[in-house]
Amino acid sequence: MGEAQSASTGSSPEATRDRWLRTRTHLNANRHELTSLAVKDFAPAQFIPGTRLLARSRWVPDQPVPLDAVSLHWSPTAPSTAVDGDAPELDAVRPRHDDGTAYRRYSDAVGDLARPRLFENRSCYRLLNVATHADAPALSFGHGTYFDVIDICEAAAHEFAAAHAALDDRQATRDTPFRAAVGDPTDLQRRPVMAAISTLAIRHDRRTGDAEFVLHWRDPAKVASGGNLYQVMPVGMFQPSHDAPWNEANDFDLWRSIVRELSEELLGSTEDYGSNQHPIDYDAWDFNKTLLRARDQGTLRVYWLGLGMDPLTFVTDLLTVAVFDADLFDETFRQLVTANDEGHRVEREDGTGRAAGIPFRADHIMRLTHDEPMQPAGGALLHLAWKHRAALLD
């Protein structure tokens, strides 16, 4: 009967934890294959065409939208949801303590039994609504926390992995009550939705026309979600830089989140901005000033390509592209790191020692989006960027 037995009186607390750990290991080792199975639970029309990312109509614009055209709105009182991380449908994926009581939330079990290097329940901006008017998206946000991602998204993936591991090949049904309770993953009213910002960083040489992009491998020992998969970089939760109250408004900006992630993931910079003491002064930050000047001059172009949800985990990604002129990229990222706190950059030997990433060419896009274990959001970004390459590399 698989994971559903974990809450039964017939299993000892230690047995429920062992079973939970085996399923967690199976999930982390097989996310790509499990995603391929999860795709089958949705109609083709629910995906962004040509991708494995779920999205609603109008969430993906017909053409790339300059990032500055995307408006953000704040709602101080977020509505309640029908499904959360304490739902009774999750009983089967919550192991038991020695005293026989079940772990209250999936994140509690992860913290105790399979804690990754990065695991902190920080504040996040909760996505409440997506509106589009003449291809100018308007996104509404409220308060949320990172562990909502673990308690709902990772729990849903765990449940699916457990059902798959227990499923006889001849059976036609799976027992996944929590996923059934979530229902349509794109319904922002049924569950708390925390969004990551996934940015495809492209180095474009205008003289030759060549372009390449930075690729990341996410280490399951370091991250709680999306491990053992390739992904674009940088990627980070849309959240304040620190939980101190003054950061909520100061950091509520897509570009400010992206520039922090560019610094942290590509240069290995610290995530400690001193914002526990005072807000980040973005206007005085040399790295940000350099990139803002480049945006004004057109040597850095940043675009919005939409958003969508992973069919296995229901994780939500806001999809953006940052196109750097080659000289700007080379000067800005002279100290481009090989490894960071979430995994390592995928390096390519080009005979010169100067390759920053993977050639932005049809063969590489096809391989990564169809053959390699690529996170659905990253695959969708590559697919959309290639579709719009004429506009992005103009």
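Definitions and limits used
Residues numbered from 1 in each chain as written. Predicted model: local features only at pLDDT ≥ 70, side-chain atom pairs only at ≥ 80, totals over all residues. Heavy atoms only, no water. Helix = DSSP H or I, 4+ residues; strand = E, 2+ residues; numbered from the N terminus. Rg over C-alpha atoms; globule rule 2.2 N^0.38 Å. Buried < 20%, exposed > 50% of the residue type's maximum accessible area, 1.4 Å probe, protein only. Contact = heavy atoms within 4.5 Å. Areas by Shrake-Rupley, 256 points an atom, 1.4 Å probe, with all protein chains shown as cover. Lys, Arg positive; Asp, Glu negative; His and termini not counted. Charge placed at Lys NZ, Arg CZ, Asp CG, Glu CD. Salt bridge = Lys/Arg side-chain N within 4 Å of Asp/Glu carboxyl O. 1 Å grid on protein atoms, 1.4 Å probe; cavity = no way out; pocket = protein on both sides within 12 Å on 5 of 7 lines; lining within 4 Å. Points joined across faces, edges and corners; volume = space filled by probe spheres on them. Pairing = 2+ DSSP bridges. Axes fitted to C-alpha atoms, helices over the stretch in contact; angles between N-to-C directions. Nonpolar A, V, L, I, M, F, W, Y, C, P; charged D, E, K, R; others polar. pLDDT = per-residue confidence, 0-100. Disulfide = S-S within 2.5 Å. Core = buried A, V, L, I, M, F, W, Y, C linked by side-chain atoms within 4.5 Å. Polar contact = N/O pair within 3.5 Å; in protein donor to acceptor, adjacent residues only side chain to side chain. Expected span 1.5 Å × (residues − 1).

In the nomenclature of an unreviewed UniProt entry, the protein chain corresponds to XRE family transcriptional regulator from the organism Streptacidiphilus jeojiensis.

Caption draft 1: Here's a closer look at the overall build of the protein chain. Counting its secondary structure elements, the protein chain contains twelve helices and 14 strands. Against the 2.2 N^0.38 benchmark of 21 Å for 394 residues, the protein chain shows a C-alpha radius of gyration of 21 Å, consistent with a compact globule. Seen through its C-alpha atoms, the protein chain measures out along the principal axes to roughly 70 × 45 × 40 Å. Per-residue burial for the protein chain yields a buried fraction of 55% across its 394 residues. Within the protein chain, counting contacts between residues at least 6 apart in sequence, those at least 24 apart form 72% of the total. With an accessible surface of roughly 16,800 Å², the protein chain has 47% of that area assigned to carbon and sulfur atoms. In the protein chain, the 41 positive side-chain charges and the 58 negative ones have mean positions that sit 3 Å from each other.

Caption draft 2: Seen up close, the pattern of salt bridges. Within this structure, the stated rule accounts for 23 salt bridges. As a salt-bridge pair, Asp-251 and Arg-260 come within 3.9 Å of each other at their nearest N and O atoms. Accessibility expressed as a relative area gives 0% for Asp-251, which makes it buried. Its relative accessible area of 4% is what places Arg-260 among the buried residues. When salt bridges that share partners are traced, they join Arg-24, Arg-31 and Glu-154 into one network.

Caption draft 3: Highlighting empty space enclosed by the protein. Considering all chains together, one arrives at two cavities of 30 Å³ or more under this definition. Taken together, Ile-197, Thr-199, Pro-234, Val-235, Gly-236, Ser-257, Ile-258 and Glu-261 make up the lining of the second largest cavity. Listing elements by their share of the lining of the second largest cavity, those giving two or more residues are β5 (195-204), β9 (235-237) and α7 (254-267). If you tally residues by element for the lining of the second largest cavity, the top one is α7, at three residues.

Caption draft 4: Spatial organisation of the sheet that holds strand β3 (residues 123-133). Strand order in this open sheet of three strands is β2-β4-β3, and the pairing throughout is mixed. Two strands lie at the open edges of the sheet, namely β2 (71-74) and β3, each paired on one side alone. Strand-to-strand twist in this sheet, taken as the mean axis angle between neighbours without regard to direction, amounts to 30 degrees.

Caption draft 5: Layout of the layout of surface pockets. Here the largest pocket is characterised by a volume of approximately 870 Å³. In terms of lining residues, the largest pocket is bounded by 45 residues, among which Leu-118, Tyr-146, Gly-236, Met-237 and Glu-342 are the most central. Residue contributions to the lining of the largest pocket peak at four residues, all from α7. Per-class residue counts for the lining of the largest pocket are 18 nonpolar, 14 polar and 13 charged.

Caption draft 6: Representation of the confidence of the model for the protein chain within the structure. The predicted model of the protein chain averages 91 in pLDDT, with 93% of residues at 70 or higher. Overall, residues 168-173 carries pLDDT values under 50, and its contacts beyond four positions in sequence, including any with other chains, amount to two contacts.

Caption draft 7: How the structure looks around the state of the cysteines. Using the criterion set out here, one finds zero disulfides in the structure. For Cys-124, which is in no disulfide, the shortest distance to another cysteine sulfur is to Cys-153 and amounts to 11 Å. With relative accessibility at 5%, the residue Cys-153 sits in the buried group.

Caption draft 8: Region of the structure containing the nonpolar core. Grouped together as the largest cluster of nonpolar side chains are 102 residues, with contacts concentrated most on Leu-200, Phe-213, Trp-255, Leu-262, Leu-300, Val-321 and Phe-324. Non-local contacts of Leu-200, meaning those with residues more than four positions away in its chain, are made with Phe-213, Val-232, Thr-320, Val-321, Ala-322, Leu-381, Leu-382 and Ala-385.

Caption draft 9: Local environment of the side chain of Asn-288. You can see Asn-288 is positioned in helix α8 (residues 286-297). A distance of 3.1 Å separates a polar atom in the side chain of Asn-288 from the backbone oxygen of Tyr-282. Those residues in contact with Asn-288 that lie beyond four places of it in its chain are Trp-255, Val-259 and Tyr-282.

Caption draft 10: Representation of α7. Helix length check: α7, at 14 residues, gives a terminal C-alpha distance of 19 Å against a target of 20 Å (1.5 Å per residue), a fit within 8%. Residues of α7 that are buried: Leu-254, Trp-255, Ser-257, Ile-258, Val-259, Arg-260, Glu-261, Leu-262, Ser-263, Glu-264, Glu-265 and Leu-266. At the N-terminal end of α7, a side-chain oxygen is found 3.0 Å from the backbone nitrogen of Trp-255, two or three residues along, and the residue is Asp-253. Gly-268, located one to two residues past α7, shows a positive phi value of around 70 degrees.

Caption draft 11: Highlighting the environment of Arg-24. With respect to the helices and strands, Arg-24 occurs in helix α1 (residues 13-29). Given the relative accessible area of 5%, Arg-24 is considered buried. Residues Arg-24 and Ser-275 lie 251 residues apart in sequence; the distance between their C-alpha atoms is 35 Å. When near neighbours in sequence (up to four residues on either side) are disregarded, Arg-24 contacts Arg-31, Tyr-106, Val-110, Ala-114, Glu-154, His-158 and Ala-224.

Caption draft 12: Molecular detail of the sheet that holds strand β8 (residues 229-232). Taken in spatial order, the four strands of this open sheet run β8-β7-β13-β12, and their pairing is antiparallel. Of all the strands in the sheet, just β8 and β12 (339-340) have a single pairing partner and so form its edges. In this sheet, strand β13 (residues 343-345) lies alongside β12 in antiparallel orientation, the contact comprising two bridges. Each bridged residue has a counterpart across the sheet, and for Ala-339 the counterpart in β13 is His-344.

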